[in-house]
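Results of the structural survey
Each chain, letter by letter, is given below.
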Amino acid sequence: MTLFQWFALPLFIGSAVVSLVLSLRGTVRRRAGILWSLLWLLAAVAVFRPDLTTRLGNLFGIGRGVDFIIYLNLIAGFYVTLSLYARSRRLETIVTELVRQQALSRPERGGPPENPGPEADPKSGRPAVAPEAVPGTPRP
Amino acid sequence: MRADDGPRIGPDLRREVWIVVAAYNEAGRIGDVLDGLLGRWPNVVVVDDASTDPTVEEVRRRPAWLLRHFVNLGQGAALQTGLDFALRRGAAYLVTFDADGQHRPEDIDALVTPLVSGSCDFTLGSRFLGEAVGIPATRKALLKLAIFFTRVFSGVRLTDTHNGLRGMTRRGAGALRITLNRMEHASQILEQIHSSRLRYAEVPVAVTYSADSLAKGQPSHAALKVAARLFLEKVSR
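Residues numbered from 1 in each chain as written. Chains lettered and ligands numbered in written order. Predicted model: local features only at pLDDT ≥ 70, side-chain atom pairs only at ≥ 80, totals over all residues.

1. Here's the deal with the overall build of chain A
Just so we agree on the cut-off: Under the DSSP-based scheme used, a helix requires at least four consecutive residues in state H or I and a strand at least two consecutive residues in state E, with every element numbered from the N terminus. To sort residues by exposure, count the other C-beta atoms lying within 10 Å of each residue's C-beta; 20 or more gives buried, 12 or fewer gives exposed, and values between give partly exposed, all with C-beta atoms placed from the backbone.
Looking only at helices and strands, chain A features 4 helices and 1 strand. Helices and strands appear in chain A in the N-to-C order α-α-α-α-β. The burial tally for chain A puts 14% of its 140 residues in the buried class.

2. Quick notes on the interface of chain B and chain A
Counted only if it meets this: Here, residues touch in the contact sense if the C-beta positions derived from the backbone fall within 7 Å of one another. All residues other than Ala, Val, Leu, Ile, Met, Phe, Trp, Tyr, Cys, Pro, Asp, Glu, Lys and Arg, Gly among them, are scored as polar; the first ten of these are nonpolar and the last four charged.
With 31 residues of chain B in contact, the opposing surface of chain A contributes 26 residues. Looking at the side of chain B that touches chain A, the elements that each hand over two or more residues are α3 (55–60), β3 (65–68), α4 (75–88) and α10 (222–235) of chain B. No other element matches the 5 residues that α4(B) contributes to the side of chain B that touches chain A. A class-by-class count of the residues in the side of chain B that touches chain A yields 15 nonpolar, 7 polar and 9 charged.

3. A short note on α4(B)
All names here are of chain B. Basically, it comes down to this: One less than the residue count of a helix, multiplied by 1.5 Å, gives the span that helix is expected to have.
Counted at 1.5 Å a residue, the expected span for α4 with its 14 residues is 20 Å, and the 20 Å between its end C-alpha atoms agrees. Most of α4 sits out of view: 12 of its 14 residues are buried. Of all the residues in α4, the buried ones are Gln-75, Gly-76, Ala-77, Ala-78, Leu-79, Gln-80, Thr-81, Gly-82, Leu-83, Asp-84, Phe-85 and Ala-86. Gly-90 occupies a position one or two residues after α4 and carries a positive phi of about 90 degrees.

4. Some remarks on the confidence of the model for chain B
Residues and elements named next belong to chain B. Which entries qualify depends on this criterion: Each residue carries a pLDDT value, the predictor's own confidence for that position, ranging from 0 to 100.
Here chain B averages 90 in pLDDT, while 96% of its residues score no lower than 70. Per-element confidence in chain B ranges from a low mean pLDDT of 72 for helix α9 (residues 211–216) to a high of 98 for strand β2 (residues 44–48). Here the predicted complex scores 0.79 on pTM and 0.87 on ipTM.

5. Notes on the sheet that holds β2(B)
The cut-off we apply is this: Two strands make a pair as long as DSSP finds a minimum of two bridges between them. For helices, the fitted line uses only the C-alpha atoms of the stretch in contact; every axis is such a line through C-alpha atoms, and the angle between N-to-C directions lies from 0 to 180 degrees.
Read from one edge to the other, the open sheet built from 8 strands follows the order β1(A)-β3(B)-β2(B)-β1(B)-β4(B)-β6(B)-β5(B)-β7(B), with strand pairing classed as mixed. Of all the strands in the sheet, the pair left with one neighbour each is β1 (108–109) of chain A together with β7 (200–208) of chain B. As paired strands, strand β5 (residues 122–133) of chain B and β7(B) are joined by 8 bridges and run parallel to one another. The residue bridging B:Thr123 from the neighbouring strand is B:Ala201, located in β7(B). Contacts from helix α5 (residues 107–116) of chain B reach β1 (17–23), β4 (93–96), β5, β6 (166–169) and β7 of chain B within the one sheet, and its direction differs from that of β4(B) by about 145 degrees.

This is the structure:
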């Protein structure tokens, strides 16, 4: 066994066992835990028998198994980045709408101290007038 | 089309116009900007984008409407909030105006007149048809590049694509929905104007660059970030 195998194999097999235990205990969802332990076992197999991944790579016309896995990783990484970006955009849309509705529900009307206008209450910051109340325009 | 034909703007008409100002940390400039606007336009709404300086106090001293975002979202988001408010208040015509004093309030008449006469639904201020006072050479080059890219990617032929001074009818504002919160909104607005198939016209306006507004404004390299976000937006949905 190579040095890398000595330290990767216990790590991967250990991770597989931990995932399995966690899923059996119900700490993580059972299906997710089993899926993860399978993934860790696959990684362990790939480390223990690199020739297997090379044969898989050859099926796709890629010379080395390692290259095959790197390419897969690149594709997955790109996909994950984009879906995370899309998710953060969705969150941003929600936050924006929350902040906007809050702002719209509390309009203030300022004015010079001597003539603050009938509906203005700039100090309290409470809604001066309901935004939908008047379709026209009150004079200052 | 010349901008200065059409109906004269009387006091009744002025009340149908809403000026939308998005402000973030503009305490030093917003006062003068509002004083210049409020003399002629009774309806001015400032959307404070969670400023950390006394912008809000400056606005409260004047008879303008004030809406406050409680977290900073960006200029695009603030403009949309202001447009929403003006539409709810029954605005017939809406004008976006920058808070940093780079625009001239006198130019608004020329933006509103074509809207009132019904010749178009959007009027877009152009500093290159009008004047760009004190514009640095690098800024000018960058803006010209943006104009070129806009022409290539969205097919909109304009002489100034990143001018914050715009006018629109109620119908026009209803066709806009700014979802790009930060500086990318300028491109998004143009795309939405284009896809709305409503008519638009450019109007010569003056933009004044001061040391102050340049320091506060976007650094030139921010354009790269904007381009990257516009690209991500296209490929992620």
